[in-house]
Structure formats: structure tokens, C-alpha cells
Amino acid sequence: MCNKKPYYITTAIAYTSRKPHIGNSYEIVLTDAIARYKRMLGYDVFFQTGTDEHGQKIEMYAKAEGCTPKEYVDKVAGEIRDICDVLNTSYDYFIRTTDEKHERTVQKIFRKLYEQGDIYKGSYEGLYCTPCESFWTESQLVDGKCPDCGREVKPMKEEAYFLRLSKYQKQLEEYIESHPDFIYPESRKKEMLNNFIKPGLQDLCVSRTSFKWGIPVDFDDDHVVYVWIDALSNYITSIGYDPDGSSELYKKYWPADAHIVGKDIVRFHTIYWPIMLMALGEPLPKQVYGHPWLLFGEDKMSKSRGNVIYADELVKLIGVDAVRYYLLSEMPFANDGSATYETIVERFNSDLANTLGNLVNRTVAMNNKYFDGIVQAPVTEEPLDEELKQYCLDTVKKVDDAINIFHMSDAVEAVISLAKRCNKYIDETAPWALAKDEENKPRLGTVLYNLLESIRCIAVLIEPFMPDTNKAILNQISCPDADYESLKEFGAYKPGTVLGQAVPLFARIDPKKLEEEIIAMQKAASESEQAIEEVEEKLDLESIEKIGIDDFAKCDIRVGEVKACEKVKKSKKLLKFTVFDGAGERTIVSGIAQYYQPEELVGRKVLFVSNLNPVKLCGVESRGMILSACHGDELKLIEVSPDLPAGWQIS
Ligand code: MSP
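Keep in mind it's a predicted model, so treat the numbers as computed, not measured.

Scanning the protein from terminus to terminus reveals 21 helices and 24 strands. With the C-alpha coordinates of the protein rotated into their principal frame, the extents come out at 105 × 65 × 50 Å. Among the 651 residues that make up the protein, the fraction classed as buried is 54%. Considering only residue pairs separated by 6 or more positions, the protein has 75% of its internal contacts joining residues 24 or more positions apart. Here the protein displays about 29,200 Å² of accessible surface, and carbon together with sulfur accounts for 50% of that area. Each charge sign in the protein was given a centre, from 79 positive and 104 negative side chains, and these centres are 2 Å apart.

Below, the structure is given as C-alpha cells:
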């Protein structure tokens with residue numbers, strides 16, 4: 001019988017649409033560090049990660065690759081799991097939503113919710129984003145586009161099952177208010193309450209009929225379970241939840257202590273998921289932490305920007321612990337983090353090679369040189385020593401405080417500060433000077449003991465962040481079994497221990513060479529993702545609603561000549577055009593101020609829709625719409641040949 005306190009922690013499950021980039025991998029490293037720390041503290045940890053494998057996109061990707069969806073997800077899930085392994089993450093269970101047990105339980109969950117009236121059949125009429133497989137209401141759109149991906153949405157009607165979110169709205173609001181730690185940090189809680197819950201919850205579409213790659217609704221052949229009920233249930237199906245009677249494992253670990261998820265999916269975890277659990281009559285997870293995102297420089301990582309880095313590739317260049325260290329130290333707690341070539345080099349050379357590696361190397365080397373590797377008993381005491389000891393004890397506390405609130409970069413920084421303090425202690429005590437005089441040997445032995453004991457403390461504390469480095473240091477100082485308990489007091493390290501060889505931990509990297517290597521890696525990554533991008537483009541095109549020629553004929557598009565152009569006051573986006581339309585001049589307002597300077601547009605021949613109803617934008621009446629072409633973040637005005645007269649009609 002195990003008396004350890006259970007601790008259940010999860011990551012989100014990754015989509016098997018493509019190999020995940022280093023941003024996605026941040027989450028598993030972060031969660032792994034927490035899981036390892038809790039284990040070190042003596043908790044009985046269950047750490048789960050996995051893959052989210054159903055949906056229309058997968059069907060499309062598989063078709064493009066000429067394989068079945070199952071073959072496709074097997075390949076990508078394998079890659080995802082390999083990355084988790086390369087990153088040395090200590091997950092206890094890797095769930096796949098195509099696991100038979102998961103699928104069976106999801107069907108049971110769906111049926112139970114249906115039979116008790118929390119799921120009902122209706123039809124959906126709304127604005128649908130095909131790439132995101134999401135329905136939106138008018139008010140949720142941003143600039144008329146999908147709030148998640150910024151693409152066009154199209155009106156759609158479809159028979160579907162719905163989960164009654166509205167029924168639980170009040171209960172959820174009360175729960176969140178009375179459990180202040182449930183949504184973490186506070187800013188995300190406010191965002192959920194104010195932007196989503198308080199304005200009113202609409203029932204959620206939970207089945208689809210337009211694709212097949214999903215878990216079948218077992219009492220209605222036309223429908224498959226639509227992603228979120230399937231995906232979110234992973235947290236309980238894996239540990240044996242069953243509406244007909246759950247397993248002992250479930251009783252032990254549920255409710256989860258923490259779901260670690262990215263900021264974009266906090267909404268699903270703090271609205272849909274708790275409501276599903278309320279409807280099932282199960283307790284809610286204790287905490288959902290919405291972490292920020294890792295960007296590359298200022299940008300999102302994406303193949304079209306050519307800035308994708310894969311964690312496993314970076315591991316080949318700088319080693320697994322350096323990648324883990326980089327992610328954990330560079331990512332802030334609340335704001336997005338930014339990966340750059342410079343910071344990768346800086347963290348490595350400054351923190352790992354110069355500070356930590358150097359400390360361990362020179363201390364072990366000195367003890368080997370002056371005492372044949374035998375650790376001396378501390379026999380002389382100076383005030384300086386007391387300060388170092390206290391620094392060690394304070395660091396243990398700082399790390400604990402920081403990890404308990406998931407401030408990982410603070411925890412990592414506390415350990416590196418201790419290494420810096422030790423290096424300063426070396427400068428202050430100058431062991432090489434002490435070694436010159438035989439009489440100073442007891443003091444020299446004491447100094448080296450204090451350093452080695454501090455290094456032991458550092459080694460134990462970095463285990464959650466850099467497990468291999470933890471082992472490498474503990475091997476060099478010959479105490480492979482050092483544990484967290486032994487850090488309670490300074491001095492548990494045994495005099496008489498014989499040290500191993502001083503082996504450098506981190507060899508400095510050449511900034512220029514690394515930058516070149518990363519750029520080459522990014523180029524290769526972008527090329528390998530080209531095919532995926534093409535499928536997405538195709539999906540985009542296919543999602544566009546088809547119209548008849550009569551619909552098109554309703555648009556009157558004409559050539560216009562830009563006579564004048566200026567910025568609209570109080571607006572960052574809008575330009576005011578004076579356009580000659582063949583008969584006279586008209587004002588047209590267009591949201592392209594980020595892309596063009598007004599002066600450069602004067603004299604150009606453009607296309608504009610002439611028969612739109614006039615609208616007022618920032619106080620200026622606009623009579624028409626100037627046409628541009630856009631792709632992702634790019635936009636270009638459509639220009640026509642200068643000899644086309646203004647007023648000519650496009651047909
Ligand atoms: N399949 C859903 C989650 C379902 S959970 C029941 C999903 N998958 S994902 O592959 O798109 O994302 C997996 C996790 O990686 C999410 O928590 C997401 O927020 C996170 N990240 C995606 N890009 C990221 C960064 N650039 N940086 C940090 N985390 C990132 O969402």
C-alpha cells in the first residue's frame with residue numbers, strides 16, 4: 001500500500017496534423033519539469049501526454065499523402081512521441097484518441113449525456129471555419145473572419161447534436177468565482193469570465209456529419225463525435241473513467257491536479273470541459289494553467305515565415321538538457337516568449353558553459369589536484385561560509401516557491417544564481433592561493449567541501465530541468481543517490497568521498513556556426529512542410545461557398561483612378577481615397593494603411609466594387625470597396641494597366 005500523495009498532471013494532447021515545432025514542445029518540457037519536481041518531493045505522480053487524432057483535417061492530409069487516416073496519424077503520433085522521448089520527458093502514459101479504450105468510453109459518455117438530456121439533436125446554422133472545424137457566431141468574429149485563424153468563414157446549416165452549455169452557465173460561473181485557483185493565472189480567469197461566460201454561453205455543437213474520421217455516435221450512424229468531447233475526455237478515459245463504474249486508478253488520480261495548456265485553448269478547458277464534467281457528475285480538475293506561447297523573434301512560428309525549429313533537431317545541435325534549459329529559462333510566466341539565435345547562444349555559453357559547467361569543472365579539478373580527489377571534512381569556519389550555506393538553503397526554498405506557482409524561469413534562475421554565488425565564493429577564497437601554503441590545507445579543504453556541497457545542492461535542484469546534467473554532476477562528485485530530503489540542511493555530503501574525473505559539462509558554442517546551422521535547419525523544415533501548406537490551401541479553397549453567375553453579376557466592379565489619398569484621422573488601419581469612377585469623384589475608405597503610404601497610391605488605376613451600400617467608417621462615408629489580394633499577413637492592391645479608362649466595368 002502506497003501512502004504517497006497522488007498528483008495527476010497533464011499536457012494538452014497534440015494534433016497529429018503535422019510534426020510539432022519547438023513551441024508546441026515547450027508545453028511537454030514545462031509539464032515534465034513540474035512532474036519531476038513533484039516526484040522528487042515524494043508525490044505519487046501520474047503524468048500524461050498524448051495525441052489528438054480525429055477530424056476533417058486529418059482526413060484531408062491523409063488523402064493528400066495517399067494513405068488512410070489511421071496510417072497518417074500512426075506516423076505523426078510516432079513522431080510526436082519520439083520528440084517527447086528525445087526531450088527526455090518522463091510521462092507515465094501516452095494516450096492516443098484512436099485508442100480503442102478511449103473511443104469506447106467516449107461513445108459511452110456521449111450516450112449518457114444524450115440519455116439524460118444534456119446532449120440534444122438539432123440543426124446548426126452558423127458561420128463555419130473549415131480549417132478550424134469551428135462554428136462561430138457573428139459577434140465572435142474578428143473583422144468578419146474566424147477569430148482563431150483569421151480566415152474566411154461561410155454560412156452553413158447542418159444537422160448536429162448539441163451540448164447544453166447554457167444550462168450550466170450559472171453553476172460554472174459560481175464555481176469559478178468560488179474556486180479562485182481553478183483558472184490560472186488570474187488574467188486568464190478574467191478573460192474567460194468577462195469575454196466568454198458572462199456574455200452568455202451558446203450550446204456547443206458536438207457532432208458532425210460532413211466527415212467520417214471521428215468516433216462514431218453509436219446510436220446515430222450519420223454522426224461522428226466532434227472534436228472537443230472526444231479530445232477533452234482523454235484526461236479521464238486514460239485512467240479508467242467509465243459511466244458504468246470507474247477503475248481504482250481513476251478514483252486515485254481524479255480530479256487532476258493540473259492541466260497545463262496553451263493560452264489558445266484555455267477556453268475549452270475552463271468552459272466546455274468543466275461543464276462536461278458537471279453533466280457527468282464528476283469533480284472538476286483543480287487547476288487549469290494557461291501558459292503563453294513561444295514565438296520566433298516577434299513572429300509566430302510557421303513554415304510560411306520559414307522560421308520553424310523542431311526541438312529534436314535543436315537537440316542534435318546543442319544537446320537535450322540545453323534545449324530543456326533554454327525553453328524553461330527563456331519562457332516568461334505570463335507573456336509570450338521569444339526564441340532568437342542570440343538568446344540560444346547566450347543562455348548556453350553564459351549560464352551553462354561559463355557559470356554552471358565551469359563551476360563544477362574547476363571545483364572537481366581542484367579537489368582532485370589538491371587532495372587526490374578525496375573530499376575533506378569542513379574544519380575551519382569563516383563568516384563567508386555561513387553566507388554561502390544560507391544561500392543554498394534559500395535557493396531550495398525559492399525553487400519550491402517558484403515551481404508551486406509554475407514560475408519556471410524564476411526557479412531555473414534561482415539555481416543559476418546559486419552557481420554564480422559559488423563562483424564568487426571561489427574568487428573570494430582563492431583556493432589556488434591557499435594551496436601554496438601547507439598550513440592553509442585545512443581551510444582549503446573546507447572551502448572545497450563547501451563548494452562541493454553547494455554543487456550537490458545545485459545538481460539535485462536541476463534534476464527537473466536538466467535530468468542528464470543532474471546525473472553527470474552527481475557522478476563526478478560520486479553521490480549518485482543524492483535526494484531532495486538531503487537538502488534540508490547544509491552538510492549532508494560525506495567527507496571521505498572520492499570524486500570522479502572532472503569532465504567538462506558544456507563546451508562553448510560558436511555563435512556564428514550555430515546561427516548558420518539553425519538557419520539551414522529552418523530551411524529544411526520549411527521545405528518539408530510545403531506539402532502540408534498546399535493541403536491547407538486546398539482546404540481553404542474547397543471551403544469557399546459556391547455561388548451562381550447571377551450572384552456574381554450583382555457585383556458591379558469598375559476601374560477607378562486614385563486622385564487623392566490620405567490617412568483617416570484616429571484610425572491606424574484606414575485610408576481615405578478619392579477615386580475618379582469615369583463619371584465623377586467618390587470617396588472610398590479602405591483598411592490598408594498598414595501596407596501602403598497614401599502618397600504612393602495617387603495616380604494608380606485600381607478596381608473597386610461600385611454598388612455597395614454606403615457605410616460610415618470612423619466618421620467618413622465610404623462609397624465602394626477597393627480590391628486587393630491577400631495571403632496570410634501579406635496584402636497587395638490590385639492594379640490594372642494604366643491605359644484602361646476609369647469607369648470601365650469588369651465582367
Ligand atoms: N489538440 C488540441 C488540444 C486538445 S487538449 C484536449 C491542440 N493541439 S495543438 O497541437 O494545436 O497544441 C498543443 C499544445 O501546444 C496546446 O496547448 C497549444 O496551446 C500549445 N502550443 C501551440 N503552439 C505553441 C507555441 N508556439 N508555444 C507554446 N505552446 C504552443 O490544441
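A few words now on the side chain of Ser610. Positionally, Ser610 belongs in the loop between strand S19 (605-609) and strand S20 (615-617). Given the relative accessible area of 14%, Ser610 is considered buried.

On to the pairing of strand S13 (residues 288-291), then. Neither face of S13 is exposed, since Val288 and Gly290 on one face and Tyr289 and His291 on the opposite face are all buried. Alignment of strand S8 (residues 183-184) against S13, held across two bridges, turns out to be parallel. Pairing of Ile183 across the sheet is with Val288, part of S13. With four bridges joining them, strand S12 (residues 258-262) and S13 adopt parallel strand pairing. Considered in S13, the bridge of His259 is made with Val288. Running through helix H10 (residues 266-280), the crossover from S12 to the neighbouring parallel element S13 is right-handed.

In this section: the site of the ligand. Ile13, Glu27, Asp52, Gly262 and Asp264 are the nearest of the 23 residues found near the ligand. One of the side-chain nitrogen or oxygen atoms of Glu27 is found 2.5 Å away from an oxygen atom of the ligand. Contacts to the ligand include Asp52, whose side-chain N or O atom sits 2.7 Å from a nitrogen atom. Starting from 670 Å² of accessible surface for the ligand in isolation, the protein chains cover 93%. The residue makeup of the shell around the ligand, split by class, is 13 nonpolar, seven polar and three charged.

Summed over all chains, the structure comprises 30 aromatic pairs. Seen from their ring centres, Tyr235 and Trp273 are 5.9 Å apart, and the 55 degrees between their planes marks the pair as tilted. Residue Tyr235 is located in helix H8 (residues 234-237), and its partner Trp273 is located in helix H10; the two are separated by 38 residues in the primary sequence. Since its relative accessible area comes to 0%, Trp273 is described here as buried. One aromatic cluster is present, formed by Tyr8, Phe46, Tyr93, Tyr235, Tyr241, Tyr250, Tyr253, Trp254 and Trp273 through successive ring pairs. We note Lys441 situated over the ring of Phe371; from NZ or CZ to the ring centre the distance is 5.0 Å.

What follows concerns the pairing of S19. Within S19, five of the five residues are buried, which leaves it mostly tucked inside the rest of the structure. Neither face of S19 is left uncovered, since the one carrying Lys605, Leu607 and Val609 and the one carrying Val606 and Phe608 both have all their residues buried. Pairing analysis gives five bridges linking strand S16 (residues 557-567) to S19, with the strands arranged antiparallel. Following the sheet pairing, Val559 is matched in S19 by Leu607. Sheet topology places S19 next to strand S22 (residues 625-626); two bridges connect them, and they run antiparallel. Its bridge partner being in S22, Val609 is matched across the sheet by Met625.

Moving on to the side chain of Arg188. For Arg188, the location among the structural elements is in helix H6 (residues 186-197). By relative accessible area, which is 11% here, Arg188 ends up buried. Setting aside chain neighbours within four positions, we find Arg188 in contact with Ile183, Lys263, Val266, Gly290, His291, Pro292 and Ala334.

Turning our attention to the nonpolar core. Grouped burial of nonpolar side chains is what soluble globular proteins tend to show. Grouped together as the largest cluster of nonpolar side chains are 112 residues, with contacts concentrated most on Leu356 and Phe465. Counting residues per element, this core draws most heavily on helix H13 (residues 341-371), which supplies 13 residues. Taken together, domain 1 (1-98 + 292-336 + 514-545) and domain 2 (340-488) each give at least three residues to this core, which thus spans both. Apart from residues lying up to four places away in sequence, Phe465 is in contact with Ala33, Arg324, Leu328, Ile403, Met408, Ala411, Val412 and Val415. The next biggest cluster of nonpolar side chains, apart from the first, holds 57 residues, and it includes Ile95, Ile229, Tyr250 and Ala256.

Time to look at the sheet that holds S22. One open sheet accounts for five strands, arranged S18-S17-S16-S19-S22; its pairing is antiparallel. Edge positions in the sheet fall to strand S18 (585-590) and S22, since each of these pairs with one other strand and no more.

The next thing to look at is the domain arrangement of the protein. Structurally, the protein comprises domain 1 (1-98 + 292-336 + 514-545), domain 2 (340-488) and domain 3 (549-650). For domain 2 and domain 3, the distance between their C-alpha centres works out to 66 Å.

The strand order across the open sheet formed by four strands is S6-S5-S7-S9, and the pairing between neighbours is antiparallel. What marks the edges here is a single partner per strand, and that holds for strand S6 (134-136) and strand S9 (204-205). Direction of pairing for strand S5 (residues 119-129) relative to strand S7 (residues 154-163): antiparallel, over a ladder of 10 bridges. For Lys121, the partnering residue across the bridge sits in S7 and is Tyr161.

Turning our eyes to something else, we now look at unusual backbone geometry. Following Tyr184, the chain continues into Pro185 via a peptide bond in cis, with omega recorded as -5 degrees. Tracing the chain through its elements places Pro185 in the loop between S8 and H6. Between Trp254 and Pro255 the backbone carries a cis peptide bond, its omega angle lying at 5 degrees. Secondary-structure assignment places Pro255 in the loop between helix H9 (248-253) and S12. Although it is not a glycine, Ser478 adopts a positive phi angle of roughly 55 degrees. Relative accessible area serves as the criterion here: at 27%, Ser478 is assigned to the partly exposed category.

This part is about helix H5 (residues 165-178). Relative to the 20 Å expected for 14 residues at 1.5 Å per residue, H5 spans 19 Å between its end C-alpha atoms, a close match to the ideal helical length. Of all the bends found along H5, the most pronounced is centred on Gln171 and spans about 30 degrees. Within H5 the residues assigned to the buried category are Leu165, Tyr168, Gln169, Leu172, Glu173, Tyr175 and Ile176. Residues of H5 that are buried make contact with S7, S8, H6, S9 and H10.

Cut-offs and rules
- Residues numbered from 1 in each chain as written.
- Predicted model: local features only at pLDDT ≥ 70, side-chain atom pairs only at ≥ 80, totals over all residues.
- Heavy atoms only, no water.
- Helix = DSSP H or I, 4+ residues; strand = E, 2+ residues; numbered from the N terminus.
- Buried < 20%, exposed > 50% of the residue type's maximum accessible area, 1.4 Å probe, protein only.
- Contact = heavy atoms within 4.5 Å.
- Areas by Shrake-Rupley, 256 points an atom, 1.4 Å probe, with all protein chains shown as cover.
- Lys, Arg positive; Asp, Glu negative; His and termini not counted.
- Charge placed at Lys NZ, Arg CZ, Asp CG, Glu CD.
- Pairing = 2+ DSSP bridges.
- Right-handed = clockwise from strand over helix to strand, strands pointing away.
- Near = heavy atom within 4 Å.
- Polar contact = N/O pair within 3.5 Å; in protein donor to acceptor, adjacent residues only side chain to side chain.
- Nonpolar A, V, L, I, M, F, W, Y, C, P; charged D, E, K, R; others polar.
- Phe/Tyr/Trp six-rings, centres within 6.5 Å; stacked < 30°, edge-to-face > 60°.
- Lys NZ or Arg CZ within 6 Å of the ring centre and 35° of its normal.
- Core = buried A, V, L, I, M, F, W, Y, C linked by side-chain atoms within 4.5 Å.
- Domains from an automatic or database assignment.
- Expected span 1.5 Å × (residues − 1).
- Bend = angle between axes of the 7 residues up to and from the residue.

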